[in-house]
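Each chain, letter by letter, is given below.
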Amino acid sequence: MNKITELDKVIARVNDGATIMIGGFLGIGSPLKCIEKLVEKGAKELTLIAVTNAYPGGGFDLAPLFKNRQVKKFITAHTGTCPEALEVYKSGDLEIEFYPMGSWIEKIRAAGSGLGAVVTPIGVGTLVEKGKQKLTIDGKEYLLELPLKADFAFIKGYRADRLGNVEYRGVSLNSNPIVAMAADYTVAEVNEIVEVGAIEPIRVGTPGIFVKAVIQGYAFEEHQRIYEDLWMRTGRLA
């Protein structure tokens, strides 16, 4: 099954009120073209699930979605790096649901693995336990965390083949493989699309069974320039 498609066709599926997961961490490993198209479409009332809210200082990555007030609810582990998101939150137009980072990952992994819930001691005795079921196992208290899934997941890989097998490169691996598992429709944006068999099985980070669509992102050299320019502009690269 050939899963290579055009990004416009994918984004046409996204309607107001959709729940969307986006891979990446502080702008690294983020599906930049997919985010740009979501901003361009202007879909509103979105529930956005991402481990952090944007590149530090804003103006990149997820920041335009918050600036355009397209996000109604944000489910995350950290939200202090994006001024645009904080402005919307302070205005009362953004609901934020926090989870400790490990719990956030495990809730998504549970959805992708078909688990009914996960149990964790993280958050017991804190505000995190509010409204949650508690279990006692071998004399120790745990919180019951429910799975977290989405209508769409947008992930960023280095290479993919037409069957949707995705190879990651370096730290861009981060949250992408977990996010890829937990959506009804997962879209892999990659720097390069290759023939089936070009990716060694040991290098496949997300098997094609989880991916519904593969889209061509920025070529690797252009992708590098985008980040080099960003890091120079923000003083993170001398």
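Our structure's up above, just so we're on the same page.
Residues numbered from 1 in each chain as written. Predicted model: local features only at pLDDT ≥ 70, side-chain atom pairs only at ≥ 80, totals over all residues. Heavy atoms only, no water.

## A closer look at the pattern of salt bridges
- For the structure on display, the rule yields 14 salt bridges.
- Here Lys 134 ties to Glu 141 by a salt bridge, and the two come within 3.4 Å at their closest N and O atoms.
- Judged by relative accessible area, which is 36%, Glu 141 ranks as partly exposed.
- Salt-bridge contacts for Asp 184 lead to Lys 149; the nearest nitrogen and oxygen are separated by 3.1 Å. Note that Asp 184 is positioned in strand E10 (residues 183-194) and Lys 149 in the loop between strand E7 (140-145) and strand E8 (150-161), a separation of 35 residues in sequence.
- Among the charged side chains, a salt-bridge network with shared partners connects Asp 8, Lys 37 and Glu 40. (Salt bridge = Lys/Arg side-chain N within 4 Å of Asp/Glu carboxyl O. Buried < 20%, exposed > 50% of the residue type's maximum accessible area, 1.4 Å probe, protein only. Helix = DSSP H or I, 4+ residues; strand = E, 2+ residues; numbered from the N terminus.)

## Topic: the side chain of Thr 52
- Following the sequence through the fold, Thr 52 ends up in the loop between strand E2 (46-49) and helix H3 (63-67).
- The contact partners of Thr 52, leaving out residues within four places of it in the chain, are Phe 25, Leu 26, Leu 62, Phe 74, Thr 76 and His 78. (Contact = heavy atoms within 4.5 Å.)

## Thoughts on the packing of aromatic side chains
- Applying the stated rule across the entire model yields seven aromatic pairs.
- Ring centres 6.4 Å apart and planes at 15° place the aromatic pair Phe 152 and Phe 154 in the stacked group.
- Relative accessible area serves as the criterion here: at 10%, Phe 152 is assigned to the buried category.
- A centroid spacing of 5.7 Å and a plane angle of 55° characterise the contact between Tyr 227 and Trp 231, whose relative ring orientation is tilted. Highlighted residues: Tyr 227 and Trp 231, both in helix H7 (residues 220-233), separated by four residues, approximately one helical turn.
- Residue classification places Tyr 227 among the buried positions, given a relative accessible area of 5%.
- Taking relative accessible area as the criterion, Trp 231 reaches 28% and is therefore assigned partly exposed.
- For Lys 33, the ring lying beneath its charged end belongs to Tyr 218, and the centroid distance is 4.9 Å.
- The side chain of Arg 169 reaches across the aromatic face of Tyr 158, ending 6.0 Å from its centre. (Phe/Tyr/Trp six-rings, centres within 6.5 Å; stacked < 30°, edge-to-face > 60°. Lys NZ or Arg CZ within 6 Å of the ring centre and 35° of its normal.)

## Focus: the nonpolar core
- Within the largest apolar cluster, 32 residues are counted, with the highest numbers of intra-cluster contacts made by Ile 20, Ile 22, Leu 48, Leu 62, Phe 66 and Phe 154.
- With residues near it in sequence (within four places) discarded, Leu 62 still touches Ile 22, Ile 35, Leu 48, Ala 50, Thr 52, Asn 53 and Ala 54.
- Counting 24 residues, the second largest nonpolar core, distinct from the first, contains Met 21, Ile 75, Ala 180 and Val 211. (Core = buried A, V, L, I, M, F, W, Y, C linked by side-chain atoms within 4.5 Å.)

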